[in-house]
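Structure assessment
Residues per chain, in single letters:
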Amino acid sequence: MNIEHKIQRLFHKACADYGLLEDDDRILVAVSGGKDSLELVRLLGMQQRIFKPRIEVGAAHVVMDNIPYDTDRTYLQEFCQANGVRLNILHASFDESTDRRKTKCFLCSWNRRKALFEYARDNGYNKVALGHHQDDFITTLLMNMTFEGAISTMQPRMPMRHYPLSVIRPLCLVAEKDIREVAMSLGFEKQKTPCPYETKTRRKDINEVFHRLEELNPEARYSLWRAMQVKSQNCRGRDAHVPEE
């Protein structure tokens, strides 16, 4: 099976299994500049050209003004436009002196999400789509088990507590390696300068543990996924240890 067709099939299965897309949805895609969010733009851009369900898709890229990383905004604009999606550039920042207990990564992520959700709320979007793939779900499960003592992970669909929005993750059934392959075959451009604070994290360490488990058992991915019993929940909740898209 062609890798693009494989990802499309898993994308449609996730949307059907977890009720991610509905008629009259206005969906805002969080575009980081990485391969996962670009693939999500491509898939949702194609989906909005289909009659059922009838959806409208926009995108937003949040620039953190006090973090020394760089994205090619011209490329992101052109990529989104080529896929029939309008990209909006948002700006945010944070003052780490306000809470010394939190890391730069936490404060950056929290403020970026806040800017994204406020823009979605103020501009009539009812869903925000994030580019988390299956590896992210499983790594989050292992992190929560290891550091929190909780058997929990992200949800494919999750209503927000403080915003009239739902977060959806249509790539939840797709393996990262498949997204990497399609990104290479379609020539996705990489971010210019990566974030200087992402070199070594607990998430990367746990991700290495996950891939070691796959070496021990090639079916480990599917065993862990079944063990999670991931399902769309209508209850309000929060994600723990959520990665960037």
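Residues numbered from 1 in each chain as written. Predicted model: local features only at pLDDT ≥ 70, side-chain atom pairs only at ≥ 80, totals over all residues. Heavy atoms only, no water.

1. Focus: the sheet that holds strand 3 (residues 86-92)
- On the basis of which strands lie adjacent, the open sheet formed by 6 strands has the order 3-2-1-4-6-5 and mixed pairing. At either margin of the open sheet sits one strand with a lone partner, and together these are strand 3 and strand 5 (157-159). Between one strand axis and the next, the sheet turns by 25° as a mean value, whatever way the strands run.
- Across 3 bridges, strand 1 (residues 25-30) lies against strand 4 (residues 127-129) in parallel orientation. (Pairing = 2+ DSSP bridges. Helix = DSSP H or I, 4+ residues; strand = E, 2+ residues; numbered from the N terminus. Axes fitted to C-alpha atoms, helices over the stretch in contact; angles between N-to-C directions.)

2. Observations regarding helix 6 (residues 176-186)
- All of the buried residues along helix 6 are Glu176, Asp178, Ile179, Val182 and Ala183. Summarising the axial view, the buried residues of helix 6 lie within an arc of 160°, below the 170-degree limit, and thus occupy one face.
- If you follow the buried residues of helix 6, they end up packed against helix 1 (3-17), helix 2 (35-47) and helix 5 (134-148).
- Looking one or two residues past helix 6, Gly187 carries a phi angle of roughly 75°, positive in sign. (Buried < 20%, exposed > 50% of the residue type's maximum accessible area, 1.4 Å probe, protein only. Arc of directions from axis to C-beta. Contact = heavy atoms within 4.5 Å.)

3. Digging into the packing of aromatic side chains
- Under the definition given, this model contains 5 aromatic pairs.
- Members of the aromatic cluster, each reached through a chain of ring pairs, are Tyr75, Phe79 and Phe188.
- Across from the ring centre of Phe147, 4.1 Å away, lies the NZ or CZ of Arg202, which sits over that ring. (Phe/Tyr/Trp six-rings, centres within 6.5 Å; stacked < 30°, edge-to-face > 60°. Lys NZ or Arg CZ within 6 Å of the ring centre and 35° of its normal.)

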